[in-house]
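# Inside the fold
Okay, here's what each chain looks like letter by letter:
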Number of protein chains: 2
Amino acid sequence: MKKYGFGVDIGGTTCKIGLFEITGQLLEKWEIPTDTQEAGKNILPNIASSLQKKMEERNIEKEEIEGIGVGLPGPVCADGSVPVCVNLGWKNMHVAKEMETLMKGIMVKAGNDANVAALGEMWQGGGKGCKQVVMVTLGTGVGGGIIMDEKIVAGANGAGGEIGHMTVNSHETISCNCGRKGCLEQYASATGITRLAKERLAQEHKESLLDKAEEISAKTVFDAYKEQDKVAEEIVEKFARILGRALSNIACVVDPEVFVIGGGVSKAGEVLLEAIEKHYRKVAFSSCKDTKFALASLGNDAGIYGCMKLVLE
Amino acid sequence: MKKYGFGVDIGGTTCKIGLFEITGQLLEKWEIPTDTQEAGKNILPNIASSLQKKMEERNIEKEEIEGIGVGLPGPVCADGSVPVCVNLGWKNMHVAKEMETLMKGIMVKAGNDANVAALGEMWQGGGKGCKQVVMVTLGTGVGGGIIMDEKIVAGANGAGGEIGHMTVNSHETISCNCGRKGCLEQYASATGITRLAKERLAQEHKESLLDKAEEISAKTVFDAYKEQDKVAEEIVEKFARILGRALSNIACVVDPEVFVIGGGVSKAGEVLLEAIEKHYRKVAFSSCKDTKFALASLGNDAGIYGCMKLVLE
């Protein structure tokens, strides 16, 4: 009987691995280093031997494994192959096929890491109980994942959910990392919030807790915001106005049940949600004015959960 | 053997009906009036008797019918029910169930008319051969339909594909029909293009074919554009810049294989596609710079094709 599965979230330095029951129960998780030497040729064999060791240790038979889901830091084609993955050194790697051979025929599926994290949050995290989820990851950049009918919208070129690169300001003069100008990521990421804060602080002076802050960061801005600091309020308002409007535009495309907000910036908690929601509801199209907002709840484990869910489709 | 199916596209004044082979071959199409009297209670019975008459006429048995797809001018829930449909006078109408009873158990599915038109264009029209399609309908308003993995993205509130109400200009002072300001529809619909034209013509005067036009409309603008009229070029450039950017933002969400452009404005043909494509490629995120563009090719039949495809899922 199929009872178990593995979720494997491959990052540039470590691979996170989870052993799950197919009900969604995480039984155990561990990490192994990602060996990117020699074009990453040892990555999959290392994972396979770690999984096999775990199966022996726990006395789990091959026949009891539903499948193995693999998340990767780059675009993945629908057939589970990877044209190129810079962070792992791979070129034309047929991840699903290779891993299936290494694991003696156990079914393997692969997906992009941001997308599988969104799937994980839908399944067992902030979006639990919903089938249509837009995940918004506010970290160094702004990432995303679109889940419709419990399935990842990967897109024709793997760019599904690349919401950080929606253009939100066609008058921007500074370039985004992607080379274009005015991307959402330039205002709504941790880096973006820091930039908005520095720009505000360089303008007319108003006394602020941020004057004494050792460094200006998304965290210090939200800390001051929680203390009702007026300057921090202006910065958060601007951030939330830009993000709220971008999400209202996303709602006109895919109309999710819930927006799940994750990434480092989301550690600010409920006040962050409230700020975004306020602006979203102000500008959203009438039919989708009441879309729910939730904080991501799986943290760094979202990827392994989503990988596990991949094989349950 | 299941060999046939019906596509029924219910509009406010007429119902378009198509008899199809399940291969996608349209065998015959006809129309009946939509009787919206008495809260539209005759609409489904009238359709049912028209379908039954056709089956008798052609000697088609119930067992040979795969199903009946129904398209409606309003939001449709996932179970085929309609909370409210102003144009038909319906409230809490369980379309799929009612129609199944009327048709003695033949399977019925229902969808929103803009969405089923998108599905039709994916199946047998401008998006044929693609599974991820964004349909953009430039008519009196701007409608849309999102098809991912050959399925309609209806959204949690039936607002999937409501791309006409993406906000593209937060500085707009004139209101959209939806009550908000700066919607894509205010610039990219036939009405929007007419408005852009009138605004341009009210500014500094430059000789133009439009000076002599009997009326200013999207058609006269594109006719002058085809004659290399400079003023028409300015108007079309502005329209295409706004629409191209909006489509580039949609690509960052769902990353389709193709944008299919339909609706009355699309009668302008290849020059319209070229203008939109030029601006799209200028601003699109690198991964989706090469997304294809195609003209819709089924015209008013897109709906019945899409309705037929609904039941083949």
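Conventions and cut-offs
Every chain begins its residue count from 1, and numbering advances along the sequence as written. Starting at A for chains and at 1 for ligands, labels are handed out in the order in which the entities are written. pLDDT decides what is reported in this predicted model: residues at 70 or higher carry local features, side-chain atom pairs at 80 or more are listed and counted, and totals for whole chains, interfaces and linings draw on all residues regardless. Values reported for side chains reflect all heavy atoms of the structure, with hydrogen atoms and water molecules removed beforehand. Each pair of strands is called paired provided DSSP finds at least two bridges between the two strands. Numbering of helices and strands runs from the N terminus; a helix is a DSSP stretch of H or I covering at least four residues, while a strand is a stretch of E covering at least two. Each axis is a line fitted through C-alpha atoms, and for a helix only the stretch in contact is used; angles between axes span 0 to 180 degrees, taken between their N-to-C directions. Note on contacts: a residue pair qualifies if any of its non-hydrogen atoms lie within 4.5 Å across the two residues. All copies are superposed by least squares; the fitting set is the C-alpha atoms of residues with a pLDDT of at least 70 in both. Each residue gets one of three labels from its accessible area relative to the maximum for its type: buried under 20%, exposed over 50%, partly exposed in between, using a 1.4 Å probe on protein chains only. Each Phe, Tyr or Trp ring (for Trp, its six-membered ring) is paired with any other whose centre lies within 6.5 Å, and the angle between the two planes then decides the class: stacked below 30 degrees, edge-to-face above 60, tilted in between. Definition used in this section: a nonpolar core is a set of buried Ala, Val, Leu, Ile, Met, Phe, Trp, Tyr and Cys residues joined via side-chain atoms within 4.5 Å. What counts as a salt bridge is simple: a side-chain nitrogen of Lys or Arg found within 4 Å of a carboxyl oxygen of Asp or Glu. Side-chain classes follow a simple rule in which Ala, Val, Leu, Ile, Met, Phe, Trp, Tyr, Cys and Pro form the nonpolar group, Asp, Glu, Lys and Arg form the charged group, and the remainder, Gly included, forms the polar group. Confidence of the prediction at every residue is given by pLDDT, a number between 0 and 100. An angle below 35 degrees is read as roughly parallel, one above 145 as roughly antiparallel, one from 65 to 115 as roughly perpendicular, and any other as oblique. Working rule for handedness: look at the near helix, and if it is turned counterclockwise from the far one by less than a right angle, call the crossing left-handed; if clockwise, right-handed. One less than the residue count of a helix, multiplied by 1.5 Å, gives the span that helix is expected to have. In protein, a polar contact means a hydrogen-donor-capable atom and an acceptor-capable atom, both N or O and within 3.5 Å, with residues adjacent in sequence counting only if both atoms are side-chain atoms; elsewhere, any N or O pair within 3.5 Å suffices.

## Describing the sheet that holds strand β2 (residues 14-21) of chain B
Residue and element names in this part refer to chain B. The strand order across the open sheet built from five strands is β3-β2-β1-β4-β7, with neighbouring strands paired in mixed fashion. Only two strands of the sheet have a single partner each, and these edge strands are β3 (26-33) and β7 (108-112). Pairwise comparison of adjacent strand axes, ignoring direction, gives a mean angle of 20 degrees for this sheet. Its contacts with the sheet put helix α3 (residues 95-102) on β4 (65-72) and β7, and the angle it makes with β7 is roughly 145 degrees. Lying on the sheet, helix α4 (residues 113-124) is in contact with β1 (4-10), β4 and β7; it crosses β7 at an angle near 105 degrees.

## Notes on the sheet that holds strand β11 (residues 258-262) of chain B
Residues and elements named next belong to chain B. Spatially, the five strands line up as an open sheet ordered β10-β9-β8-β11-β12, and their pairing is mixed. Because the sheet does not close on itself, it has two edges, and the strands there are β10 (151-152) and β12 (292-295). Judged from the two bridges that link them, strand β9 (residues 142-148) and β10 form a sheet pairing that is antiparallel. Across the sheet, I147 pairs through a bridge with I152, a residue of β10.

## Points about the relation of the copies chain A and chain B
To go from the first copy of the chain to the second, apply a rotation about an axis and then a shift along the same axis. Of the transformation superimposing chain A on chain B, the axial component is 0.0 Å and the angular component is 180 degrees, with the fit at an RMSD of 0.1 Å. The superposition operator between the copies reduces to a two-fold rotation axis. The fraction of interface residues of chain A whose copies in chain B are also interface residues reaches 100%, indicating that both copies meet through the same surface.

## Quick notes on unusual backbone geometry
Residue and element names in this part refer to chain B. Residues other than glycine seldom take positive phi values, yet D149 does so here, at roughly 60 degrees. Relative to the helices and strands, D149 is located in the loop between β9 and β10. Since its relative accessible area comes to 47%, D149 is described here as partly exposed. Here the phi dihedral of E150 falls at roughly 65 degrees; this positive angle occurs in a residue that is not glycine. Its place among the elements puts E150 in the loop between β9 and β10. With a relative accessible area of 28%, E150 lands in the partly exposed category.

## Some words on the packing of aromatic side chains
All names here are of chain A. Overall, the coordinates contain 18 aromatic pairs over all chains when judged by the stated rule. Each ring, one from Y280 and one from F293, has its centre 5.2 Å from the other, and the planes form 65 degrees; the classification is edge-to-face. Here Y280 is found in helix α9 (residues 270-283), whereas its partner F293 is found in strand β12 (residues 292-295), with 13 residues between them in sequence. A relative accessible area of 0% means that Y280 is categorised as buried.

## So, the nonpolar core
The biggest cluster of nonpolar side chains holds 102 residues, and the ones touching the most others in it are F239 of chain A together with F239 of chain B. The residues contacting F239 of chain A, other than those within four sequence positions of it, are L138, Y187, A188, I193, L196, F222, L272 and I276 of chain A.

## Remarks on the interface of chain A and chain B
Listed per partner, the contact involves 35 residues of chain A and 35 residues of chain B. The tally of links between chain A and chain B comes to zero salt bridges. Going through the elements one at a time, β9 (142-148) and α8 (230-254) of chain A are the ones with two or more residues in the side of chain A that touches chain B. In terms of residue count, α8 of chain A provides more of the side of chain A that touches chain B than any other element does, seven residues in total. Residue composition of the side of chain A that touches chain B, by class: 19 nonpolar, 11 polar and five charged.

## Looking at the pattern of salt bridges
Residue and element names in this part refer to chain B. On inspection of all chains with the given rule, the structure shows 30 salt bridges over all chains. The shortest N-O distance in the salt bridge between E150 and K309 comes to 3.6 Å. Here the residue E150 occupies a position in the loop between β9 and β10, and K309 occupies one in helix α10 (residues 302-310), the gap between them amounting to 159 residues. The buried category is assigned to K309, whose relative accessible area is 11%.

## Structural notes on the environment of V116 of chain B
All names here are of chain B. By secondary structure assignment, the location of V116 is in helix α4. You can call V116 buried: its relative accessible area is 0%. The sequence separation of V116 and L310 amounts to 194 residues, and the corresponding C-alpha distance is 7.5 Å. When neighbours within four sequence positions are excluded, V116 is seen to be in contact with G71, G111, I152, A302, G303, G306, C307 and L310.

## Focus: the confidence of the model for chain A
Looking at chain A as a whole, its pLDDT mean stands at 95, while 100% of the residues score no less than 70. Two numbers describe this predicted complex: its pTM, 0.94, and its ipTM, 0.94.

## Let's talk about the side chain of K54 of chain A
Residue and element names in this part refer to chain A. You can see K54 is positioned in helix α2 (residues 43-57). Residue class for K54 comes out buried when judged on its relative accessible area of 8%. With near-sequence residues (within four places) excluded, K54 lies in contact with F6, L19, E28 and W30.

## A short note on the packing of helix α6 (residues 190-202) of chain B against helix α8 (residues 230-254) of chain B
Residue and element names in this part refer to chain B. Closest axis-to-axis distance for the α6/α8 pair is 10 Å, and the angle between their directions is 135 degrees. With respect to their mutual orientation, α6 and α8 come out oblique. Seen from above, α6 lies across α8 with right-handed handedness. Contact residues: α6 offers I193, L196, A197, R200 and L201, while α8 offers V231, E234, I235, K238 and F239. Residue composition of the contact of α6 with α8, by class: seven nonpolar, no polar and three charged.

## Looking at the environment of D229 of chain B
Residues and elements named next belong to chain B. Inspection of the secondary structure puts D229 in the loop between α7 (218-226) and α8. Taking the C-alpha atoms as reference points, D229 and I152, separated by 77 residues in sequence, lie 40 Å from one another. Excluding its chain neighbours within four sequence positions, the residues that come into contact with D229 are E207, S208, L209 and A224.

## Some thoughts on the pairing of β9 of chain B
Residues and elements named next belong to chain B. Within β9, six of the seven residues are buried, which leaves it mostly tucked inside the rest of the structure. Alignment of strand β8 (residues 133-138) against β9, held across six bridges, turns out to be antiparallel. Bridge pairing in β9 places V136 opposite G144. The antiparallel hairpin formed by β8 and β9 contains three residues in its connecting segment. Hairpin remark: β9 followed by β10, antiparallel, with two residues in the connecting loop; positive phi at D149, about 60 degrees.

## Some remarks on α8 of chain A
Think of an α-helix as 3.6 residues a turn; residues three or four steps apart then line up on the same face. Residues and elements named next belong to chain A. The end-to-end C-alpha separation of α8 is 35 Å, in line with the 36 Å expected for 25 residues at 1.5 Å each. Across the 25 residues that make up α8, a large majority, 18, are buried. Residue D229 occupies the N-cap position of α8, its side-chain oxygen lying 3.3 Å from the main-chain nitrogen of V231. D255 occupies a position one or two residues after α8 and carries a positive phi of about 45 degrees.

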